[in-house]
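Survey of secondary and tertiary structure
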Amino acid sequence: MKKVLLIGVSGQVGMALYDRLNADYEVFGTYWKRPVPFGKQLNITEKKEVENLFAEIKPDIVILCSSLTNVELCEEDRPLADEINITGTRNVVEEARKHNSKLIFFSTDYIFDGKNGPYSEEAAPNPISYYGKTKLRGEELVRTLKSHLIIRTTGVFSFEEKGQNFAMQVIRNCLSNRKMQVPNDQIANPILASNLADCVAELIEKEGVYNISGKSMLSRYDFALSIAECFLLDKNLIIPVPTSSLNQKAKRPLNGGLKIDKASLELKTKIFSVEEGLARMREMAEERIKDEIHTKIKDYYSLFHRKRFEPQKTKIHFAGRCYQEEELIAGCDAVLDFWLTAGRNTNKFEEKFSEYLGVKHVVLVNSGSSANLLAIASLNLPKGAEVITPATTFPTTINPIIQHGLIPVLIDVELGTYNPSPLQIEEAISEKTRAIFIPHTLGNPCKMDEIVEIARKHSLFLIEDACDALGSRYEERLVGTFSDLATFSFYPAHHITMGEGGAVVTNNQDLATSLYSLRDWGRACVCQPCLLTKNPEASCPKRFSEKVGQLPEDYDKRYIYTHIGYNLKATDIQAAIGLVQLDRLVDFIQIRKRNFALLYEGLKDLSDIFILPRQEDKADPCWFSFPITVREGIKRKDVVALLEKANIETRMLFAGNIESQPAYKGIEYRKVGQLKNSDLILRNTFFIGLYPAVTEEMIGYILDTFHKMRKNL
């Protein structure tokens with residue numbers, strides 16, 4: 001790999017070249033006054049410094065970007081201009097000759113008088129400013145080398161927040177609401193720095209002189225207007241004036257600029273027009289500012305979001321959000337886009353979640369509770385129909401059944417698995433039964449092979465509430481893929497989080513159509529993904545193309561309602577965070593399984609006082625938490641009190657027996673059997689956390705606390 005010495009890497013051209021050449025060459029950068037982390041300081045006017053650097057690097061190619069380009073300063077301080085632009089160039093030329101290095105030198109259209117522009121490579125120079133004279137003398141020095149390339153350019157611009165190029169001056173003045181006098185009689189063809197760098201990279205093995213500048217010839221005033229147009233700035237702040245009115249000490253070539261015919265014929269790289277260059281500059285500005293924001297976010301995360309565990313002092317939560325700097329960055333980027341409602345991130349999440357589960361349709365919503373609501377609503381069951389569901393449950397599993405005028409049929413669960421057995425489900429079926437709504441409690445899969453067979457035999461809809469069970473498997477198949485519909489939650493306590501969020505999934509096209517409509521106000525527009533979520537400026541070809549019922553034939557489809565629906569969409573900010581979380585899911589699953597195994601092994605010797613969790617033979621749970629039922633003779637409140645005092649957070653197993661909860665007094669329901677286990681769970685069961693933020697050190701502390709409490713029970 002050839003070595004490239006890039007002198008003046010901190011300037012806009014040098015930085016663009018460094019970014020462009022770094023992949024193909026071993027690049028060494030130098031700076032003078034403005035430090036960069038990947039460069040060495042070099043004063044090219046100091047001959048010894050130049051000698052030492054060349055001896056150290058032994059470059060194959062030298063690119064000299066460093067020069068004094070302030071035209072007025074060159075006129076005012078000619079000795080300084082001589083020292084940098086002539087003596088400095090001479091020092092570099094001499095070392096390039098000594099080391100047989102090729103030299104690439106940047107020159108300017110200021111070597112011409114501006115009477116007959118634009119100028120070709122063969123045009124006779126006639127500089128009218130001292131800056132132009134020093135650059136011409138630099139060219140003469142470079143031409144003495146056997147191998148050299150002279151790049152003439154003009155009006156280079158780029159996005160540099162502290163840069164002094166003309167485009168940045170216009171942007172800063174307009175943003176500060178300052179008027180700016182700009183000459184309307186100076187003609188040139190400005191070029192974007194990165195576009196210039198791409199051209200130079202392609203010409204790097206060439207010899208001689210090449211003009212590399214933009215395609216558009218225009219006045220500096222018109223260029224300023226184009227900048228304002230691109231960045232949506234106030235054009236009225238830009239005042240056109242003749243150059244003569246500015247009282248500048250250095251003369252400027254008026255009818256200047258450079259012909260680029262030679263380069264255009266030889267280059268594969270496209271040379272941009274002003275509009276194209278500014279559009280790319282705007283994109284680069286967005287990228288640059290976002291990069292700076294991201295750096296600050298990383299610093300903020302490192303300083304303020306990381307925590308240290310101290311036994312007894314640090315609370316070990318039952319669950320919580322697990323995240324790193326990437327989630328903060330993704331959320332911030334979504335805020336900067338300010339789309340807010342469902343959009344491109346929502347579409348991406350639905351696609352990615354669909355791929356993970358292996359299902360056809362994913363409907364992202366604002367919570368797992370909303371997912372359950374839509375799942376029941378999409379079935380369109382008749383009032384009074386029965387839906388079988390466990391009594392040991394979370395309220396928002398049973399609530400949609402009640403809200404839709406259906407009758408919940410409560411069945412008991414088994415201790416240890418905390419799920420109903422297939423036999424209990426079969427016994428609960430009556431002639432009114434239309435559906436089974438079965439949660440995988442705390443991430444522990446139910447006996448899905450047998451339950452699926454029961455649903456098929458009796459022609460019942462089957463819904464899996466997998467809100468606690470993302471990543472759990474039964475017969476090596478992910479839960480949530482056995483049923484007509486399945487629901488997931490992305491609340492902070494769950495396996496991945498969006499803050500709030502949930503999803504309904506299905507392989508049934510008719511159910512999916514209902515779900516999309518119900519989620520989006522009940523309207524007839526159900527195309528997925530919606531064209532307008534990708535591009536709000538687009539025109540939907542279907543909006544006025546369908547007649548529905550008695551509505552006028554020209555009625556906007558986005559205002560035709562086919563379902564009694566809701567607005568249950570998630571935001572694009574949530575989806576952006578969820579996409580990052582989904583990338584972490586595999587690691588999250590592994591940690592949860594490790595933590596469960598450590599807790600189970602560590603508590604086995606306490607099985608005389610606790611009923612520990614168990615799973616079905618074909619199940620591979622990704623546990624939400626670690627459930628514990630105290631045996632008769634032990635008081636749960638004593639165990640919980642000792643744990644909470646030790647800063648180990650506990651929770652009840654949701655509602656326990658839901659029929660005992662105050663909100664459900666007086667509702668119409670049917671129960672099968674006495675629900676003895678559900679009552680026992682209500683009195684004796686609790687759970688502790690094993691989510692990914694729970695470390696092995698924390699688990700050791702938890703186990704130690706459990707074993708110490710035995711003597712106090």
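Attention here is on the structure that accompanies the text. Since this is a predicted model, take the numbers as computed values, not measurements.

**As for the sheet that holds strand β27 (residues 670-671)**
The 8 strands lie next to each other as β14-β22-β21-β18-β17-β15-β16-β27, forming an open sheet whose pairing is mixed. Edge positions in the sheet fall to β14 (361-365) and β27, since each has one partner strand and no second. Set on the sheet, helix α14 (residues 395-403) makes contact with β15 (386-390), β16 (407-411), β17 (433-439) and β18 (461-465); between it and β16 the angle comes to about 145°. In this fold helix α16 (residues 448-457) packs onto β17 and β18, with an angle of close to 150° to the strand it touches most, β18.

**As for the sheet that holds strand β20 (residues 477-478)**
The strand order across the open sheet formed by 3 strands is β20-β19-β24, and the pairing between neighbours is antiparallel. Only two strands of the sheet have a single partner each, and these edge strands are β20 and β24 (619-620). Bridging between strand β19 (residues 473-474) and β24 involves 2 bridges; their strand directions are antiparallel. Within β24, the position partnered with Tyr 474 by the bridge is Ala 619.

**As for the nonpolar core**
For soluble globular proteins, nonpolar side chains are generally found buried alongside one another. Phe 349, Phe 353, Phe 490, Phe 610 and Phe 706 are the most contacted members of the largest nonpolar core, which totals 68 residues. By residue number, the principal contributor to this core is helix α19 (residues 572-603), which donates 9 residues. Beyond its immediate sequence surroundings of up to four residues, Phe 349 is in contact with Leu 364, Phe 490, Ile 496, Met 498, Ala 575, Gly 578, Leu 579 and Leu 582. In terms of nonpolar packing, the next biggest core, distinct from the first, is built from 35 residues, Ile 104, Ile 191, Leu 196 and Ala 263 among them.

**Re the packing of aromatic side chains**
All chains considered together, the criterion is met by 22 aromatic pairs. Ring geometry for Phe 112 and Tyr 119: centres 4.2 Å apart, planes at 5°, overall stacked. Each member of the pair, Phe 112 as well as Tyr 119, carries the same accessibility label: buried. Residues Phe 596 and Tyr 600 carry aromatic rings whose centres are separated by 6.0 Å and whose planes lie at 20° to one another, so their mutual orientation is stacked. Separated by 4 residues within a single helix, Phe 596 and Tyr 600 lie in helix α19, roughly one turn from each other. Assessed through its relative accessible area of 10%, Phe 596 is described here as buried. Over the face of the ring belonging to Trp 32 we find Lys 33, whose NZ or CZ atom lies 4.6 Å from the ring centre.

**Comments concerning the pattern of salt bridges**
Under the definition given, this model contains 44 salt bridges. One salt bridge connects Glu 310 with Lys 313, and the closest N-O pair in it is separated by 3.9 Å. According to the relative accessible area criterion, Lys 313 is exposed, its value standing at 67%. Close ionic contact of Glu 616 with Lys 447 constitutes a salt bridge, the shortest N to O distance being 3.9 Å. Pair noted here: Glu 616 is in the loop between β23 (610-611) and β24 and Lys 447 is in the loop between β17 and α16, with a separation of 169 residues, a long-range link. When its relative accessible area of 13% is taken as the criterion, Glu 616 is described as buried. For Lys 447, a relative accessible area of 27% puts it in the partly exposed group. One network of salt bridges, in which partners are shared, links Lys 47, Lys 48, Glu 51 and Glu 94.

**Examining the packing of α19 against helix α22 (residues 696-709)**
As a packed pair, α19 and α22 sit with axes 10 Å apart at the nearest point and diverge in direction by 25°. Here α19 lies roughly parallel to α22, going by the angle between them. For the pair α19 and α22, the sense of crossing is right-handed. Within the contact between the two elements, α19 uses Arg 594, Asn 595, Leu 598, Leu 599, Gly 602 and Leu 603 and α22 uses Glu 696, Ile 699, Ile 702, Leu 703, Phe 706 and His 707. A class-by-class count of the residues in the contact of α19 with α22 yields 7 nonpolar, 3 polar and 2 charged.

Analysis parameters
Residue positions are given per chain, counted from 1 along the sequence in the order it is written. Reporting of local features is limited, given that this is a predicted model, to residues whose pLDDT is at least 70; pairs of side-chain atoms are given and counted only at 80 or more, and all residues count toward the totals for whole chains, interfaces and linings. For the side-chain quantities, the full set of heavy atoms in the structure was used; hydrogens and water were omitted. Two strands form a pair only when DSSP identifies at least two bridges running between them. Helix numbers and strand numbers start at the N terminus; a helix is a DSSP run of H or I with at least 4 residues, a strand a run of E with at least 2. For this analysis, residues touch if any pair of their heavy atoms sits within 4.5 Å. Fitted lines through C-alpha atoms give the axes, limited to the stretch in contact for helices. The angle between two N-to-C directions lies from 0 to 180 degrees. Throughout, nonpolar core names a set of buried Ala, Val, Leu, Ile, Met, Phe, Trp, Tyr and Cys residues whose side chains join them through atoms within 4.5 Å. Buried means the residue's accessible area, taken with a 1.4 Å probe over protein chains only, is under 20% of the maximum for its type, while exposed means over 50%, and partly exposed covers the values in between. In this analysis, rings of Phe, Tyr and Trp, with Trp reduced to its six-membered ring, are considered paired at centre separations within 6.5 Å, and the interplanar angle assigns stacked below 30 degrees, edge-to-face beyond 60, and tilted for intermediate values. In this analysis the charged atom, NZ for Lys or CZ for Arg, is taken to sit over a ring once it is within 6 Å of the ring centre and within 35 degrees of the ring normal. Salt bridge, as used here: a side-chain nitrogen of Lys or Arg that lies within 4 Å of a carboxyl oxygen of Asp or Glu. Roughly parallel refers to an angle under 35 degrees, roughly antiparallel to one over 145, roughly perpendicular to one between 65 and 115, and oblique to any angle outside these ranges. Note on convention: the crossing is left-handed when the near helix lies turned anticlockwise from the far helix by less than a right angle, right-handed when the turn is clockwise. Here the nonpolar group is Ala, Val, Leu, Ile, Met, Phe, Trp, Tyr, Cys and Pro; Asp, Glu, Lys and Arg are the charged ones; every other residue, Gly included, is treated as polar.

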